Amino acid sequence: MSSSSSSVLEMEIFQYIDAHQSDFIEDLKEWVAVESDSVQPDLRKEVIRMMALAADRLSALGAAVNSVNLGSHQLPDGKDLPLPPVILGELGKDPQNPTVCFYGHVDVQPAKKEDGWKTDPYTLTEINGNLYGRGATDNKGPVLAWINAVETFRALKLVGINEKLLLLLLLYKISLEGCIYLPVMFLVQVECGSKDLHSGTFGGIIHEPLTDLIALLDSLVDPTGRIQIPGIYDSVAALTEEERKLYESIEFDLEEHKNNGGVKKFLYGTKEEILLHLWHYPSLSIHGIEGAFHEPGIKTVIPAKVIGKFSIRQVPHMDLSVVKQQVVEHLEGVFSKRNSPNKLKVSMPLGAKPWLADVNGPLYKAARRAIKRVFGEDPDFIRDGSTIPVARMFQTITQKSVMMFPIGAADDGEHSQNEKISRHNYIEGTKVFAAFFLEISKLH
């Protein structure tokens, strides 16, 4: 394909996307309206309905859709809950054409208006060019952007690639991710008896589980953010000059990032230090305490059992089994010094290895050209902390290059109140994915 004919084709594709952007936004509105919250068991039927809606959308494109039943899983109370199916849509099987497999999810995190949302989280609302709604940026908007790009190719009767679309649960300068730091999730349970106690009757005369738990959690990280678990940094790779230069060259505004997070101060004062601690060193975050009274009002109770939740973001070369052993030994050591008769239990319900890719491969070069074509500038190649273990799994099983290809912005607020994606990023992101298809087709 000559450069002139390629430019004409790109223009035709982009014009189609611009002309149909209202339709694309209506599609997103329909998807956001489905309360596909995969956390709350009573909304599981909505997750399954969302998967069926996505399957219908793929079928309408002419895809051969396969819905794989995964059975059920058991809740802590013993009840069985059906798992949503995995959806695989396939378009084209020409062995002469390259095949692109896109993965995404259409379930969402919990959201309620009373949590601090300015709009109904399940009614897509456009304000000042931003589309607000749960799942708008994570991950319904990006999934639809890929589908929109495929629709554009089908509508214009363009061929040149095979597409596989796999749907599972699970700053603005656009960036490409070639490394994911996955969390290891830990639960720390402290238990003293079979029932909660009144603080007026037992306060001051027993070893309280919550006091023990707070001491354990407090032992994990010092005020500078450094993890206090012995040996945790031993396997972290030495910082190379190449990696250091990467941090120096990346466009990153500390004040903007601070404002996006609504925080007053970072632990570190320079861009390079911030990126080092986001992308090179492991981090530990405490997420919550289960079993303690947290509702509004006063309840003078001593809980019988409490569970602390924290995670460690691993970086390349850290070993999952070694990290677990280090955490358990540290917490047991701190607990033994308290001489508490309470029962301690440390478990690791979630753990996966980090993923690192070769960002100099043809897939990344094709994406880079697509981004340059649509946004007019080269992307940054970044690392990130996300719970996407399937990236490493895909790379291991297929032995193919895997890439994280986001279209959202750093202030989109995924998992948070007032989640949004800008109309600009949603529509231009659709163009980027379409341009990426073109670039991939040129490789073969």
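Here is what the cut-offs are and how they apply
Residues numbered from 1 in each chain as written. Predicted model: local features only at pLDDT ≥ 70, side-chain atom pairs only at ≥ 80, totals over all residues. Heavy atoms only, no water. Helix = DSSP H or I, 4+ residues; strand = E, 2+ residues; numbered from the N terminus. Rg over C-alpha atoms; globule rule 2.2 N^0.38 Å. Buried < 20%, exposed > 50% of the residue type's maximum accessible area, 1.4 Å probe, protein only. Areas by Shrake-Rupley, 256 points an atom, 1.4 Å probe, with all protein chains shown as cover. Lys, Arg positive; Asp, Glu negative; His and termini not counted. Charge placed at Lys NZ, Arg CZ, Asp CG, Glu CD. Contact = heavy atoms within 4.5 Å. Domains from an automatic or database assignment. Pairing = 2+ DSSP bridges. Axes fitted to C-alpha atoms, helices over the stretch in contact; angles between N-to-C directions. Phe/Tyr/Trp six-rings, centres within 6.5 Å; stacked < 30°, edge-to-face > 60°.

Quick look at the overall build of the protein now. The helix and strand inventory of the protein stands at 13 helices and 18 strands. Here the C-alpha atoms of the protein give a radius of gyration of 24 Å, agreeing with the 22 Å that 2.2 N^0.38 yields for 444 residues. Its C-alpha atoms give the protein principal-axis dimensions of roughly 80 × 50 × 40 Å. Relative to its full complement of 444 residues, the protein shows a buried share of 46%. When the accessible surface of the protein is totalled, it reaches about 22,400 Å², and 51% of it is carbon and sulfur. Measuring between centres, the 46 positive side-chain charges of the protein sit 2 Å from its 58 negative side-chain charges.

With that settled, consider the side chain of Thr-430. Residue position: Thr-430 is located in helix α13 (residues 423-442). Judged by its relative accessible area of 0%, Thr-430 is buried. When residues no more than four places from it in sequence are discounted, the contact partners of Thr-430 are Ile-17, Phe-24, Ala-145, Asn-148 and Ala-149.

Turning our attention to the domain arrangement of the protein. Frequently, the measure chosen for interface size is the accessible area removed from exposure when the parts meet. With domains assigned, the protein is organised as domain 1 (2-178 + 354-441) and domain 2 (184-236 + 281-350). Placing the centre of domain 1 and that of domain 2 at their C-alpha centroids yields a distance of 36 Å.

Bridging between strand β10 (residues 183-191) and strand β14 (residues 305-313) involves nine bridges; their strand directions are antiparallel. Bridging from a neighbouring strand, Pro-183 pairs with Arg-313 of β14. Bridge count between β10 and strand β15 (residues 343-350): six bridges; the pairing is antiparallel. Across the sheet, Met-185 pairs through a bridge with Leu-350, a residue of β15.

We now examine the sheet that holds strand β6 (residues 125-127). Pairing within the open sheet is antiparallel, and its three strands lie in the order β6-β7-β18. If you trace the sheet from one side to the other, it starts and ends with β6 and β18 (420-422), each paired once. Averaged over all neighbouring strand pairs, the angle between strand axes comes to 30°, with direction disregarded. Sheet topology note: the β6/strand β7 (residues 130-132) ladder contains three bridges and is antiparallel. Opposite Ile-127, over in β7, you have Asn-130 as the bridge partner. Sheet strands in contact with α13 are β6, β7 and β18, and its direction is about 65° off that of β18.

Turning our attention to the packing of aromatic side chains. To describe a pair of aromatic rings, one takes the distance between the centres and the angle between the planes. Taken as a whole and judged by the stated rule, the model has twelve aromatic pairs. Considering the side-chain rings of Phe-153 and Phe-437, the 5.6 Å spacing of their centres and the 85° angle between planes classify their relative orientation as edge-to-face. When sorted by exposure, Phe-153 lands in the same class as Phe-437, which is buried. Seen in terms of ring centroids, Tyr-364 and Phe-381 are 6.2 Å apart; in terms of plane orientation they differ by 45°. Their pairing is tilted. A residue pair is termed long-range when its members are at least 10 positions apart, and Tyr-364 in helix α11 (residues 362-375) and Phe-381 in strand β17 (residues 380-385) qualify at 17 residues. Judged by relative accessible area, Tyr-364 falls into the buried class, the value being 0%. Judged by relative accessible area, Phe-381 falls into the buried class, the value being 15%.

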